[in-house]
Amino acid sequence: MIKNIPDKIANRIRWGYLAAFILLLISYIISFISTQRLISQTKWINHTNEVIHDLDDVLALNNKVESSYRGFIITNNEQLLNDYYEAKNNADSIITRLKSLTIYNPLQQKNLDTLNSLMKDKFLWVDNSILLFDSSHKISVPLIQKSDLEILKIKEIENQVLKSKHDEKQLLQTRNGEITKYSDAIKVINIVSLLLAILLTFYSILTFNKENKAKKEADKKTSDFREQLEMRVEELAALNIELIELRNIEKYAVTGRISRTIAHEVRNPLTNINLATEQLRSEIPESEDIRLLFEMISRNSDRINKLINDLLNSTRTAELSYVNASINEVLDSSLKFAQDRIELKNIKVVKDYDADICPIKVDAEKIKIAFLNIIVNAIEAMDDYGTLHISTHNKNDRCVAKITDTGKGMSKADLVRLFEPYFTTKEKGTGLGLTNTQNIILSHNGSIHAESEPGKGTSFTISFDFA
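The structure presented is a predicted model; accordingly, all values stated were derived computationally and were not measured. (Residues numbered from 1 in each chain as written. Predicted model: local features only at pLDDT ≥ 70, side-chain atom pairs only at ≥ 80, totals over all residues. Heavy atoms only, no water.)

A.B. asks: Can you help me understand the pattern of salt bridges in this one?
C.D. replies: Side chains that differ in charge, positive against negative, can pair when their charged atoms come close. The tally for this structure, following the rule as stated, stands at 8 salt bridges. A salt bridge links K351 to D332; its shortest N-O distance comes to 2.9 Å. With K351 in strand β2 (residues 348-352) and D332 in helix α6 (residues 327-337), this pair connects stretches of sequence that are 19 residues apart. Judged by relative accessible area, which is 47%, K351 ranks as partly exposed. (Salt bridge = Lys/Arg side-chain N within 4 Å of Asp/Glu carboxyl O. Helix = DSSP H or I, 4+ residues; strand = E, 2+ residues; numbered from the N terminus. Buried < 20%, exposed > 50% of the residue type's maximum accessible area, 1.4 Å probe, protein only.)

Structure representation (structure tokens):
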């Protein structure tokens, strides 16, 4: 359920943004097309204005031709004909440009053909009138008659130019309408795009708030689940340590019973052996060989008796003299007894004591022995220039000491048997040191736990109740 809520919100967000993107894309495409058409119509309007301007130039040339011709007739000044010939030449170029500009428009092409024909007739008439005037240098009746005809031709040209301008202005009006239409369309598209952007902004804010809220809820649930899981793991770890300690206590109790049983069962026949040996020693004549045999029996009997005593001492509940002691001072005292070994192997000792730690109620001398056994084992497990780290701290209202070495470590199989009597990984070890250490610590209602990995050293954690 927790997983489905973020998925639904994420899907809604994706579809919302996709729809907004498509709408904005469509509006931008339409806006682009409208803008291109608007630009195109603007070019056509400029084109139409240019045509109208050229038509106005045709009217101006027509008037210029008329004024030049009449000035020549009236003043007989041939210099005025220069303007006429210039206007005649310009008229051809303007008509040619107009036909080029309106090549797409058949109606205007027809109008321009008519205008071109009228202009040529006009120029032909003026040329003939000039020749007629040059022959007599007088304003004759035929010349006056030609003037009346000229007025008609001027009117025809003006009417034709006005007709072409009217058609072009109608086209201009149509194109202005198109520009207005596309401009309005662009305005509408821009307004719609703005509204879409505003809606998308609000939608983004809403979806972000929803997603953020859902994410916070999911994070909180995940955090709560993680905390519960960590708490369960810690509980399981604590229970596992407690179970290991209970097993150690159980093994210690079983070992004690077995030790006492073995001591009882072995000492009785051993006493009989010793008594029989003494009896034989008094009855058999002494010789070198017999003396060696009796010494061998006596020596091995004493060795067996010592092993039994050591075993009993390592598993017997000792009488304790409790005092309030600082665990830091007890550890320092144990280190002093091992100082020669530390200096011999150049071991680096790192202390990490809690200076404000409360005192513990223990038999200080016996606890020193327990710590010394662990420290000596750590030193012997390390090569020269190793590091011995000793720390104290408060954990779960108990005083905890931790002794860690950088030695060769132990396998899991050896770690399980670590506190068993006569189990040792050292060539000359008795296997009773850690058994005795465990006995001392358990007698103080404390706990001892070892962790080790081959090649990574070993760590002993010892805890006591505070005084």
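A.B. asks: How do you make sense of unusual backbone geometry when you look at a structure like this?
C.D. replies: If a residue is not glycine, its phi is most likely negative; likewise, a peptide bond is most likely trans. Even without being glycine, N346 reaches a positive phi, approximately 55°. Positioned with a positive phi, N445 is a non-glycine residue whose angle comes to about 60°. The residue N445 is located in the loop between α10 (433-443) and β6 (447-453) in this model. Judged by its relative accessible area of 58%, N445 falls in the exposed class.

A.B. asks: What am I meant to see in the sheet that holds strand β4 (residues 387-395) here?
C.D. replies: Read from one edge to the other, the open sheet built from 5 strands follows the order β2-β4-β5-β7-β6, with strand pairing classed as mixed. Only two strands of the sheet have a single neighbouring strand rather than two, namely β2 and β6. Ignoring which end each strand starts from, the neighbouring axes of this sheet average 15° apart. As paired strands, β4 and strand β5 (residues 398-405) are joined by 8 bridges and run antiparallel to one another. Note on β5: the bridge partner recorded for H393 is V400. (Pairing = 2+ DSSP bridges. Axes fitted to C-alpha atoms, helices over the stretch in contact; angles between N-to-C directions.)

A.B. asks: Would you mind going over the nonpolar core with me for this structure?
C.D. replies: In summary, soluble globular proteins display a tendency toward joint burial of nonpolar side chains. Core analysis: the biggest nonpolar cluster contains 35 residues, and I327, F371, L388, I403, F460, I462 and F464 have the highest contact counts within it. Within the residue set of this core, elements represented by two or more residues are α6, β3 (360-362), α8 (364-381), β4, β5, α10, β6 and β7 (457-465). By residue number, the principal contributor to this core is α8, which donates 7 residues. Those residues in contact with I403 that lie beyond four places of it in its chain are L331, F371, I374, I375, L388, H389, I390, T458, S459, F460 and I462. In terms of nonpolar packing, the next biggest core, distinct from the first, is built from 27 residues, V58, Y69, A91 and M119 among them. (Core = buried A, V, L, I, M, F, W, Y, C linked by side-chain atoms within 4.5 Å. Contact = heavy atoms within 4.5 Å.)

A.B. asks: Can you help me understand the packing of aromatic side chains in this one?
C.D. replies: The description of an aromatic ring pair rests on the distance of the ring centres and on the angle between the ring planes. One pass over the structure, following the stated rule, counts 1 aromatic pair. Measuring from ring centre to ring centre gives 6.5 Å for F371 and F464, while their planes differ by 85°; the resulting arrangement is edge-to-face. A residue pair is termed long-range when its members are at least 10 positions apart, and F371 in helix α8 and F464 in strand β7 qualify at 93 residues. Overall, the relative accessible area of 1% leaves F464 in the buried class. (Phe/Tyr/Trp six-rings, centres within 6.5 Å; stacked < 30°, edge-to-face > 60°.)

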